[in-house]
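Descriptive analysis of the structure
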Amino acid sequence: MLREYLLLPLLASYSAAVQISVAKSGGNATTNLQYGAMEEEINHCGEGGLYAELIRNRAFQGSTTYPSSLDAWTAVGDSTLSLQNLSSPLSSALPTSVKVSGTGIAGLVNEGFWGIDVRPQKYSGSFYVKGSYKGLFTASLQSATTGRTLASVKVESKCLDSEWVQHDFTLTPKEIASNTNNTLSVTFDASKASSGSLDFNLISLFPPTWNNRPNGMRRDLMQALSDLGPKFLRFPGGNNLEGDTIEGRWKWNETIGPLKNRPGRATTWGYEETSGMGLVEYMEWCDDLGMEPILAVWAGLALNGDVVAEADLDIYVQDALDELEFLTGSVDTKYGALRAEYGHPEPWTIRYVEVGNEDNLNGGLSSYQSYRFPAFYDAITAKYPDIQVLASTIDMTLPGSAGGDYHLYDIPDNFITKFDMFDNYTDEHPILLGEIAATEYNNDVGIDWSDMDFSLYPWWIGSVAEAVFLLGAERNADKILGTTYAPYLMNLDSYEWSPTMISFNANPDDTAKSTSWHVYNLFNKNHMTHTLPTTWDDTYGPLYYVAGLDGQTNSRIFKAAVYNSTADVPVSLTFEGVGRGTAADLTILTAPSAFSMNEVGGANTVHSQTTTIKAGKKGVFSFSLPNLSVAVLTTNA
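Thresholds, definitions, all that
- Residues numbered from 1 in each chain as written.
- Predicted model: local features only at pLDDT ≥ 70, side-chain atom pairs only at ≥ 80, totals over all residues.
- Heavy atoms only, no water.
- Pairing = 2+ DSSP bridges.
- Helix = DSSP H or I, 4+ residues; strand = E, 2+ residues; numbered from the N terminus.
- Contact = heavy atoms within 4.5 Å.
- Axes fitted to C-alpha atoms, helices over the stretch in contact; angles between N-to-C directions.
- Core = buried A, V, L, I, M, F, W, Y, C linked by side-chain atoms within 4.5 Å.
- Buried < 20%, exposed > 50% of the residue type's maximum accessible area, 1.4 Å probe, protein only.
- Salt bridge = Lys/Arg side-chain N within 4 Å of Asp/Glu carboxyl O.
- Phe/Tyr/Trp six-rings, centres within 6.5 Å; stacked < 30°, edge-to-face > 60°.
- Parallel < 35°, antiparallel > 145°, perpendicular 65-115°, else oblique.
- Nonpolar A, V, L, I, M, F, W, Y, C, P; charged D, E, K, R; others polar.
- Polar contact = N/O pair within 3.5 Å; in protein donor to acceptor, adjacent residues only side chain to side chain.
- UniProt positions renumbered as here; feature names shortened; annotations may be inferred.

Looking at the sheet that holds strand β14 (residues 232-235)
As summarised here, the arrangement of the five strands in space is β3-β14-β17-β18-β19, forming an open sheet in which the pairing is parallel. Of all strands in the sheet, those with a lone pairing partner are β3 (37-38) and β19 (388-391), marking the two edges. Pairing of strand β18 (residues 352-355) with β19, which is carried by four bridges, proceeds in the parallel orientation. Residue V355 lies in a different strand from β19, and its bridge partner there is A391. Across the sheet, helix α4 (residues 279-289) touches β14 and β17 (292-297), and the angle it forms with β14 is around 165°.

Structural data, given as structure tokens:
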């Protein structure tokens, strides 16, 4: 693995401390940089991930890309399952249902998203049935390994021959299952059903959700996000917004309202999604974690390269304005009234809108710069002048008050070379660092998109390199709105992209906060409201740093990372106006090796050590930082 190690030239060992002096004023008056999150329906980030629904393929939704199927479903005993498109479906959005036929006990079994976690807690379930039936249904959680029933409940039939009727149930297991190889079954006595069959659709099961929201989020993943403390959420993220075709784009008005009215869609990542996690759920996610929403609107470009002509763009611009009215309009408006009908009479606040996603790619830049972005920018700023409109690239001339979105995926060494990138950025338009991650091992070449030799998980040297880049961004935080790692979540049982910030499987106890999660957490929990000028007796590298002030507590903050040193780096740090005896907390993150990873089901490899040190003579804080370390020093107020 030597090819994956440090390829930048090694620097000499330090024999004397690096002398750093921090002024008490004169830096950026305010800093905008916030650490946030980005949602992308990749790696079953939503379906089978953050969205807490436990039943896979719950409504047999399909498309020309991914036709309806019985994926994840099997029949009970001698019964049979067959997909049907009835003349009277559950809804026009969910036209396909399953017919369950048999002679005795019949039913269907779902394996969940590669397992179902079962433990002593309340599970809320429901299913729709059409057909004449006078008996009882049985809903059960069972071990697929032993066949043991873990929880079971009888559900009295409310069936009608000519109507779809929803049945609700609750399951409460008494003990935790030995593993997640468990299933949900719904059975009935076919001898008591007309023609020995019934039609089923929208079969659902939820564990307790974050804040106990109906149709809500998985608690362990929300906890991992809450612990990180993201300040904003960009959604819907990435390629899922664009769709593979114009018709396949993300349509906000098909993700709202009752679940039976949401048709779902083909994602760009290999599966059909239910749209159960829709626009309202995104906003509730922001509410629950106190995040600023950055709303992405479709901009007329599909991943296959198709572009909406200028003469036809107006309906899509209006669609974005309608979406904003739905989110922010009063109940006196058409779409504000619809939002209230769906349980949110109080309008939300949207201060940031991003137009499209990576429109510099797939041949989209020319049309984006010439007419697509200007059309959205002009319309949104005219109706909502307080909204900051962002372009999905910085590879263009930005008009008026527009900002841009910069994405960076690269090898660790190249992150180091970009430490001073924003020192030389003279454009006055603000930047969002919307997708940032070290993905591929050092190879003396750089990232190769045709042969992505990406790491499965973030690894320590990559996380340190990301820290160096973030320090460079914080030094210029007056130019930058915020930054986020991307992608954010990965289901280890079904993924197409790695690495990610948080990895998981069906077992909440196995969720892994990556090495990068720990870096972002440390920086995010020590927010600077002002940067402060520094002088020192050396050049940047292998020590990289930024200094600043928390204006709320009057604490001085020093953030640093060491990349590619042959020895520990001794530091002598002074803050103007901070005298001898002042106490400071010094937190240093390290890992056992450059390739340490936090794996699903494994232990945390990042070692965090916090010590309290005091300024000595002339107010000097003396400490040493080892190679491949990330550190924050914060003076006591």
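Details of the nonpolar core
Judged by nonpolar contacts, the single largest core of 125 residues is most densely connected at W285 and V630. Looking at which element gives the most residues to this core, the answer is helix α9 (residues 460-475), with ten residues. Apart from the residues lying within four places of it in its own chain, the contact partners of V630 are W460, V464, A467, V519, L522, F523, A560, A561, T587, I588 and L589. I55, W73, I116 and V155 belong to the second largest nonpolar core, which has 34 residues in total.

Concerning the sheet that holds strand β10 (residues 149-156)
Pairing in this open sheet of five strands is antiparallel, and the strands run β4-β7-β12-β9-β10 from one edge to the other. Every interior strand has two partners, whereas the edge strands, β4 (73-75) and β10, have only one. Strand-to-strand twist in this sheet, taken as the mean axis angle between neighbours without regard to direction, amounts to 20°. Here strand β7 (residues 105-110) runs beside strand β12 (residues 182-189); their pairing, made up of six bridges, is antiparallel. Of the residues in β12, the one forming a bridge with L108 is V186.

Regarding the pattern of salt bridges
Taken as a whole and judged by the stated rule, the model has 22 salt bridges. Ionic pairing is found between E175 and R148, a salt bridge with its closest N-O pair at 2.9 Å. Placement of E175 in the loop between β11 (164-171) and β12 and of R148 in the loop between β9 (136-143) and β10 is noted, with a sequence separation of 27 residues between them. A residue is classified by how much of its surface remains accessible, and E175, at 39% relative accessible area, is partly exposed. Between R234 and E435 there is a salt bridge, and its shortest N-O distance comes to 3.3 Å. In this pair, R234 is assigned in strand β14 and E435 in strand β21 (residues 431-438), connecting sequence segments 201 residues apart. Each of the two residues, R234 as well as E435, counts as buried.

Describing the packing of aromatic side chains
Considering all chains together, one arrives at 38 aromatic pairs under this definition. With 6.0 Å between their ring centres and 55° between their planes, F113 and W114 make a pair best called tilted. Under the relative-accessibility criterion, W114 is labelled partly exposed at 29%. Consider the rings of F137 and F200, whose centres lie 6.1 Å apart with planes at 85°: the pair is edge-to-face. Here F200 lies in strand β13 (residues 197-206) and F137 lies in strand β9, a separation of 63 residues in the sequence. We note that F137, like F200, is buried.

A closer look at the environment of L241
By the element assignment, L241 lies in helix α3 (residues 239-242). Through-space distance from the C-alpha of L241 to that of D168 is 33 Å; in sequence the pair is 73 residues apart. Setting aside chain neighbours within four positions, we find L241 in contact with P236, R249, W250, A296, V297, W298, G356 and N357.

Section: the packing of helix α2 (residues 219-228) against helix α10 (residues 515-524)
For any two helices packed against each other, the geometry comes down to the angle between their axes and how far apart the axes lie. Across the interface, α2 lies against α10 with an axial gap of 9 Å and an inter-helix angle of 45°. For the element pair α2 / α10, the angle class is oblique. For the pair α2 and α10, contact is made by A224, D227 and L228 and by W517, Y520, N521 and N524, respectively. Looking at side-chain class alone, the contact of α2 with α10 contains four nonpolar, two polar and one charged residues.

Section: the side chain of E440
When you line up the elements, E440 lands in the loop between β21 and α9. From its side chain, E440 meets the backbone nitrogen of D448 in a polar contact 3.2 Å long. Excluding anything up to four places from it in sequence, E440 contacts D410, I411, P412, G446, I447, D448, D451, D453, F454 and W459.

Quick word on the UniProt feature "domain: Alpha-L-arabinofuranosidase C-terminal" (unreviewed entry) in the chain
Mapped onto this numbering, the UniProt entry annotates "domain: Alpha-L-arabinofuranosidase C-terminal" (unreviewed entry) at residues 459-629. Taken end to end, residues 459-629 has its terminal C-alpha atoms 13 Å apart, with 15% of it in helix and 37% in strand.

Description of the pairing of strand β20 (residues 404-410)
Among the seven residues that make up β20, seven are buried, leaving the element largely enclosed by the rest of the structure. Across seven bridges, the pairing between β20 and β21 is parallel. Following the sheet pairing, L408 is matched in β21 by I436.

So, the environment of H527
Here H527 shows up in the loop between α10 and β26 (530-531). With relative accessibility at 26%, the residue H527 sits in the partly exposed group. Through-space distance from the C-alpha of H527 to that of L33 is 8.6 Å; in sequence the pair is 494 residues apart.

Overview of the environment of Y35
Note that Y35 resides in strand β2 (residues 34-35). Look at Y35 and you get buried, because its relative accessible area is 3%. Excluding residues within four positions of it along the chain, Y35 makes contact with G229, P230, K231, F232, L470, E474, T483, Y520, F523 and N524. For Y35, the side chain forms a polar contact with the side chain of E474, separated by 2.7 Å.

Brief notes about unusual backbone geometry
P236 follows F235 through a cis peptide bond whose omega is -20°. Here P236 is to be found in the loop between β14 and α3. Unusually for a residue other than glycine, N211 sits at a positive phi of about 60°. Along the chain, N211 turns up in the loop between β13 and α2. The class of N211 is exposed, set by a relative accessible area of 51%.

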